[in-house]
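Residue-level listing of the chains:
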Amino acid sequence: MGNLFGTDGIRGIAGEELTSRTAFALGNALSRLKAEPTVILGQDTRVSSDMLALALAAGVTSGGGRVLGGGVLPTAAVSHFVRMRGADFGVVVSASHNPAAYNGLKVFGEDGRKLSEKQEKRAEHYMGEYSFAGPLSMGRYDPLAGEETYVEWLAGCAARPLKGKKFVVDCANGAAGRIAPAVFKRLGAEVVAANTNRGGLDINEGCGALYPERIRAMTLEAGADAGFAYDGDADRLIACDEKGNIVDGDKILCIFAATLKSAGALRENVVVGTAHTNTGAENYLKKLGIRLIRTDIGDKYVAEAMQKSGAQIGGEQSGHIILADYAVTGDGILTSVKLAELVAEKNFSRLADIRLLPQYNGSVRVKDKVRILGDEYLRDFIDRTRQGVARLVVRASGTEPVVRIFAEAESMKAAKAAVEKVRAYIRAAEEG
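Remember, predicted model here, so these are calculated numbers, not experimental data.

Conventions used here
- Residues numbered from 1 in each chain as written.
- Predicted model: local features only at pLDDT ≥ 70, side-chain atom pairs only at ≥ 80, totals over all residues.
- Heavy atoms only, no water.
- Core = buried A, V, L, I, M, F, W, Y, C linked by side-chain atoms within 4.5 Å.
- Buried < 20%, exposed > 50% of the residue type's maximum accessible area, 1.4 Å probe, protein only.
- Helix = DSSP H or I, 4+ residues; strand = E, 2+ residues; numbered from the N terminus.
- Contact = heavy atoms within 4.5 Å.
- Salt bridge = Lys/Arg side-chain N within 4 Å of Asp/Glu carboxyl O.
- 1 Å grid on protein atoms, 1.4 Å probe; cavity = no way out; pocket = protein on both sides within 12 Å on 5 of 7 lines; lining within 4 Å.
- Points joined across faces, edges and corners; volume = space filled by probe spheres on them.
- Nonpolar A, V, L, I, M, F, W, Y, C, P; charged D, E, K, R; others polar.

**Q** How should I be thinking about the nonpolar core in this particular structure?
**A** The nonpolar side chains of soluble globular proteins are, as a tendency, buried together. The biggest cluster of nonpolar side chains holds 65 residues, and the ones touching the most others in it are Phe167, Phe184, Phe228, Tyr230, Ile255, Leu339 and Phe348. Considering every element that reaches this core, the biggest residue donor is helix H11 (residues 332-343), with 7 residues. Excluding residues within four positions of it along the chain, Phe184 makes contact with Leu162, Phe167, Val169, Ala189, Val191, Phe228, Tyr230, Ser336, Val337 and Ala340. In terms of nonpolar packing, the next biggest core, distinct from the first, is built from 27 residues, Phe5, Ala53, Val93 and Met127 among them.

**Q** What should I look at first to understand the pattern of salt bridges in this one?
**A** It is possible for side chains bearing opposite charge to pair when their charged atoms get close. Counted according to the given criterion, the structure contains 25 salt bridges. Between Arg267 and Asp325 there is a salt bridge whose closest N-O contact spans 3.0 Å. A residue pair is termed long-range when its members are at least 10 positions apart, and Arg267 in the loop between helix H8 (249-262) and strand S12 (270-274) and Asp325 in the loop between strand S15 (321-323) and H11 qualify at 58 residues. Note on Asp325: relative accessible area 42%, which makes it partly exposed. Its salt-bridge partner being Arg355, residue Glu410 comes within 3.5 Å of it at the nearest N-O pair. With Glu410 in the loop between strand S18 (402-408) and helix H15 (412-431) and Arg355 in the loop between helix H12 (348-351) and strand S16 (359-365), the pair connects residues that are 55 residues apart, well separated along the chain. For Glu410, a relative accessible area of 62% corresponds to the exposed category. Looking at Arg355, the relative accessible area reads 59%, which means it is exposed.

**Q** I'm lost on the layout of surface pockets in this one. Help?
**A** One way to see where empty space is left: roll a probe the size of a water molecule over the atoms. The volume enclosed by the second largest pocket comes to roughly 340 Å³. Elements supplying a minimum of two residues to the lining of the second largest pocket: helix H4 (117-126) and helix H10 (299-309). A total of 5 residues in the lining of the second largest pocket trace back to one element, the largest contributor, which is H10.

**Q** Which parts of the structure should I look at to understand empty space enclosed by the protein?
**A** Scanning the entire structure with this criterion turns up 2 cavities of 30 Å³ or more. Counted as a void, the largest cavity has a volume near 60 Å³. Lining the largest cavity are Phe5, Gly6, Thr7, Asp8, Gly9, Lys106, Val107, Lys114, Leu115, Glu120 and Lys300. The class makeup of the residues in the lining of the largest cavity is 3 nonpolar, 3 polar and 5 charged. One number sums up the size of the second largest cavity: a volume of about 30 Å³. In terms of lining, the second largest cavity is formed by Ala76, Ser79, His80, Arg83, Tyr150, Trp153, Ala327, Val328, Thr329 and Asp331. Listed by contribution, the elements that provide at least two residues to the lining of the second largest cavity are helix H3 (75-84) and helix H5 (146-156). The class makeup of the residues in the lining of the second largest cavity is 5 nonpolar, 3 polar and 2 charged.

Okay, structure coming up:
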């Protein structure tokens with residue numbers, strides 16, 4: 001059962017690549033990583049999430065552990081409750097931004113952070129060897145009343161009420177559906193909530209953070225001060241200002257860094273981004289005397305770099321933002337609350353007036369990511385193509401059988417041309 005964990009846990013098509021057996025095995029493995037553990041369990045709205053959550057809970061309890069089940073909760077809420085309740089692990093059944101047919105298993109340790117690679121390897125080892133506690137030593141499953149508690153905590157993170165402001169929230173038919181609107185209403189804002197279904201078949205479908213054109217249209221139609229779009233498990237956020245301009249993770253990172261810097265509250269004068277963080281964002285931060293540390297793609301790597309550097313803010317262009325003064329993992333709803341707090345004082349468009357370089361992203365579905373990316377001729381081709389753009393990054397997806405290609409240049413035409421050249425080369429290599 002090796003190599004199950006990607007950059008964001010175990011993921012695949014539910015019932016095919018990700019089965020109840022896998023979920024049971026992971027739950028059981030947690031009861032071997034630590035004797036009689038307490039495990040916080042949350043899930044998103046996908047149809048398969050019930051099956052996988054029940055199987056995982058059975059695995060934990062069969063090994064002698066205790067499960068506190070919170071039902072539908074954002075990923076960050078599970079991380080929060082692990083720390084608040086002094087639990088040993090947290091598991092979220094979710095495939096984040098992926099379509100409804102997919103699902104995943106994200107695991108947090110006792111510190112609320114994702115498991116280290118060493119812990120993941122130990123878990124994978126144990127997943128092939130089930131362990132069962134005696135009949136009187138098996139664990140129990142208890143409900144966790146997490147939704148209301150989390151709404152209260154999120155509202156408490158705001159330094160001021162939002163009365164008189166209007167916000168649109170696109171909840172992607174996922175875990176944010178009940179929580180995000182409730183938080184903004186509690187803070188006194190007028191809220192227009194969209195895509196709050198819990199049926200599980202339409203999560204992320206044409207809505208949420210992956211479809212920013214939807215939040216743009218809704219924000220302009222409502223005449224709102226800002227729009228906020230989450231993904232299925234609400235750990236990422238893409239925003240929209242009052243003029244309809246999309247505000248991605250890079251701009252959000254800059255906004256928070258600049259705000260803390262101007263208040264003299266940015267410790268270490270450093271923020272953490274990734275290989276995809278826009279050069280324009282890096283230049284903006286540099287002018288403010290703030291250093292950008294780049295990591296590999298993946299919020300777990302951002303979190304690790306933040307721990308090492310002492311950075312208060314880190315994040316990805318895709319909208320995973322970690323605000324270390326409040327949480328140890330990305331929380332889209334928390335990010336939107338703290339942004340709304342700033343929007344209440346200054347127009348969002350002014351806050352987000354940051355020049356970014358044009359970027360273009362592409363991908364190629366392949367049979368073997370390792371083989372393709374290990375091709376020395378491809379590496380040479382990439383090096384030659386890189387000479388015509390500011391940056392070119394080619395990497396394997398951590399969650400899908402896909403090679404992702406990213407280019408940044410002074411013009412969108414140049415960036416797109418570079419990506420298409422590499423994509424065509426990989427397709428030819430795959431067919432040949």
